[in-house]
Amino acid sequence: MEFFKIKRDIPFMRHALILNAISVITFLLAVFFLFSKGLNFSVEFTGGTVMELRYPHAANQEKIRDTLRGMGYSHPEVASFGTAQDIMLRLPILEGAEAAGTSARVFNAICAADGGAPKQSQVTTEKGEVINHTSCAKASGEELISLQRVEFVGPSVGDELAQNGMNALIMTILGIMIYLAIRFEWKFAVAAVVANLHDVVIILGFFAFFQWEFSLTVLAATLAVLGYSVNESVVIFDRIREMFRKQRKMSTSEVIDHAITSTISRTIITHGSTLMMVMSMLFFGGYALHYFAIALAIGILFGVYSSVFVAAAVAMWLGVKREDLIKPIKEKDETDGAVV
């Protein structure tokens, strides 16, 4: 399926040097921000308290954030999940404060801001188990807030998650490199890995520069971008191999230009439709999906750029040629078919 067909090849590789110089500058800026500012890791990585609250009505999230800021949390993470009545809080460990009493202090402060008082009661579950129930109620007995769950994530757990995330990233890159080396040729594998690292580092650079929160969902988006970007590279590489077989008089740069030009319509359809879904998550998905959608949007935009202007150009500069992708035809032995 094509929206349009370009009859004349666009000379992408003629401007590859300038475009890749821009890529290098962007990459170096991202690395600089990563080392100078660092990532703003979420509670999953740094350790802290996770709380779930339930309201009888839609919760006022901004009011909750103001209460938490008053307690010393500069960037409190308050998000709804499931419904507008269910609220999740992710709170980092404050310097000089005991982690053991964080949930009680926070719940009491939010309760007081709503004009209620904390109340302890016992509730019998459907299985007959008696559990302690913490709630916030008015003097009349009307329940304002119910504490559903409290979890504490220690710094050691956060370090383990960070290490596992790094291992997942490394294994993904190695898997992509091995796959492309087997399917195509090692020069394409190196080019694709350079392009994928370009996308990942730039995503991390954006999060470091703006100090957006880097959570497990953002890490998942980064890994998804790796697979998404390599898919675009494989499409272009496959078309390059096809053109090497059909057009034996074309130079390498001409073959690459033709391959990229012939896939532009497909690229617009695929990435345009994907970006529309990501934008819907960004604008309508709420706080829980906000940074996940931002990471995907950045990855998709730079993934298209890197597949065309980074991966293909690097493969050309590594010296890829027709003989690398097409096995030479063996000459027929003169003794074959000879009558003895």
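Residues numbered from 1 in each chain as written. Predicted model: local features only at pLDDT ≥ 70, side-chain atom pairs only at ≥ 80, totals over all residues. Heavy atoms only, no water.

### Remarks on unusual backbone geometry
The phi dihedral of Gln211 falls on the positive side, at around 55 degrees, and the residue is not glycine. Along the chain, Gln211 turns up in the loop between α6 (186-210) and β8 (213-214). (Helix = DSSP H or I, 4+ residues; strand = E, 2+ residues; numbered from the N terminus.)

### Structural notes on the nonpolar core
Counting residues in each nonpolar core, the largest one holds 59 residues, and the members touching the most others are Met13, Leu180, Phe207, Phe237, Ile240 and Ile260. Sorting the residues of this core by element identifies α5 (155-183), α6, α7 (216-246), α8 (252-262), α9 (264-284) and α10 (287-317) as the ones contributing at least two each. With 18 residues, α10 is the single largest residue contributor to this core. Once you skip the residues sitting within four places of it in the chain, Phe237 turns out to touch Phe184, Phe188, Ala191, Ala192 and Ala311. (Core = buried A, V, L, I, M, F, W, Y, C linked by side-chain atoms within 4.5 Å. Buried < 20%, exposed > 50% of the residue type's maximum accessible area, 1.4 Å probe, protein only. Contact = heavy atoms within 4.5 Å.)

### Here we look at the UniProt feature "transmembrane region" (unreviewed entry) in the chain
Mapped onto the present numbering, the UniProt feature "transmembrane region" (unreviewed entry) falls on residues 12-35, 165-182, 189-210, 216-240, 268-288 and 294-320. Annotation note: span residues 216-240, helix share 100%, strand share 0%, distance between end C-alpha atoms 37 Å. Between the C-alpha atoms that bound residues 294-320 there is a distance of 35 Å. The span itself is 89% helix and 0% strand. (UniProt positions renumbered as here; feature names shortened; annotations may be inferred.)

### Some details on the pairing of strand β4 (residues 83-92)
Where strand β2 (residues 48-54) meets β4, seven bridges bridge the pair, whose relative direction is antiparallel. Bridge pairing links Val50 to Arg90 in β4. Sheet topology places strand β3 (residues 77-81) next to β4; five bridges connect them, and they run antiparallel. When the sheet's bridge partners are listed, Phe81 is paired in β4 with Thr83. (Pairing = 2+ DSSP bridges.)

### Observations regarding the state of the cysteines
Inspection of the entire model under this criterion finds one disulfide. Put simply, Cys111 and Cys136 are joined by a disulfide, and their sulfur atoms are 2.0 Å apart. As the torsion about the S-S bond is roughly 80 degrees, the Cys111-Cys136 disulfide counts as right-handed. Of this pair, Cys111 sits in helix α4 (residues 102-113) while Cys136 sits in strand β6 (residues 130-137), and the two are 25 residues apart along the sequence. (Disulfide = S-S within 2.5 Å.)

### Looking at α9
For α9, spanning 21 residues, the distance from its first C-alpha to its last is 29 Å, which sits close to the expected 30 Å at 1.5 Å a residue. Within α9, the full set of buried residues consists of Ile264, Ser265, Thr267, His271, Val278 and Leu282. Taken around the axis of α9, the buried residues stretch over an arc of 155 degrees, which confines them to a single face. More than 90 degrees from the buried face of α9, the exposed residues found are Met276, Met277 and Phe284. Looking at the buried residues of α9, the elements they touch are α7, α8 and α10. Gly286 lies just past α9 and shows a positive phi near 80 degrees. (Expected span 1.5 Å × (residues − 1). Arc of directions from axis to C-beta.)

### Observations concerning the packing of α6 against α7
One can describe the packing of α6 onto α7 by two numbers: an axis separation of 10 Å at closest approach and a directional angle of 145 degrees. In terms of crossing hand, the pair formed by α6 and α7 is right-handed. Touching Phe188, Ala191, Ala192, Asn196, Asp199, Val200, Ile203 and Phe207 of α6 are Val218, Thr222, Val225, Leu226, Ser229, Val230, Phe237 and Ile240, all from α7. In the contact of α6 with α7, the residues fall into twelve nonpolar, three polar and one charged. (Axes fitted to C-alpha atoms, helices over the stretch in contact; angles between N-to-C directions. Left-handed = near helix turned anticlockwise from the far one by under 90°. Nonpolar A, V, L, I, M, F, W, Y, C, P; charged D, E, K, R; others polar.)

### Let's talk about the packing of aromatic side chains
In the structure shown here, the tally under the stated rule is 14 aromatic pairs. Ring plane angle 55 degrees and centroid distance 5.2 Å describe the contact between Tyr305 and Phe309, whose orientation is recorded as tilted. Taken together, the residues span about one helical turn, with Tyr305 and Phe309 both in helix α10 at a distance of four residues. Residue Phe309 is classed as buried on the basis of its relative accessible area, which comes to 16%. A cation over a ring is seen here: Lys37 above Phe209, with NZ or CZ 4.7 Å from the ring centre. (Phe/Tyr/Trp six-rings, centres within 6.5 Å; stacked < 30°, edge-to-face > 60°. Lys NZ or Arg CZ within 6 Å of the ring centre and 35° of its normal.)

### Points about the packing of α6 against α10
Two numbers describe how α6 lies on α10: the axes approach to 8 Å, and their chain directions differ by 145 degrees. The two elements α6 and α10 meet at a crossing, and its hand is right-handed. Taken together, the residues of the contact of α6 with α10 break down into 18 nonpolar, four polar and one charged.

### A closer look at the side chain of Thr102
Within the secondary structure, Thr102 sits in helix α4. On the accessibility criterion, Thr102 (7% relative accessible area) is buried. When near neighbours in sequence (up to four residues on either side) are disregarded, Thr102 contacts Thr49 and Tyr73.

### A closer look at the side chain of Lys187
In this structure, Lys187 sits in helix α6. A distance of 3.1 Å separates a polar side-chain atom of Lys187 from the backbone oxygen of Gly319. (Polar contact = N/O pair within 3.5 Å; in protein donor to acceptor, adjacent residues only side chain to side chain.)

### Quick notes on the pattern of salt bridges
A complete count under the given rule lists 13 salt bridges for this structure. For Lys138, the salt bridge is made with Glu142, and the minimal N-O distance between the two is 3.8 Å. Given a relative accessible area of 38%, Lys138 falls into the partly exposed group. Here Arg239 makes a salt bridge to Glu242, at a shortest N to O gap of 3.6 Å. Note that Arg239 and Glu242 are positioned in helix α7 at a spacing of three residues, about one turn of the helix. A residue is classified by how much of its surface remains accessible, and Arg239, at 27% relative accessible area, is partly exposed. (Salt bridge = Lys/Arg side-chain N within 4 Å of Asp/Glu carboxyl O.)

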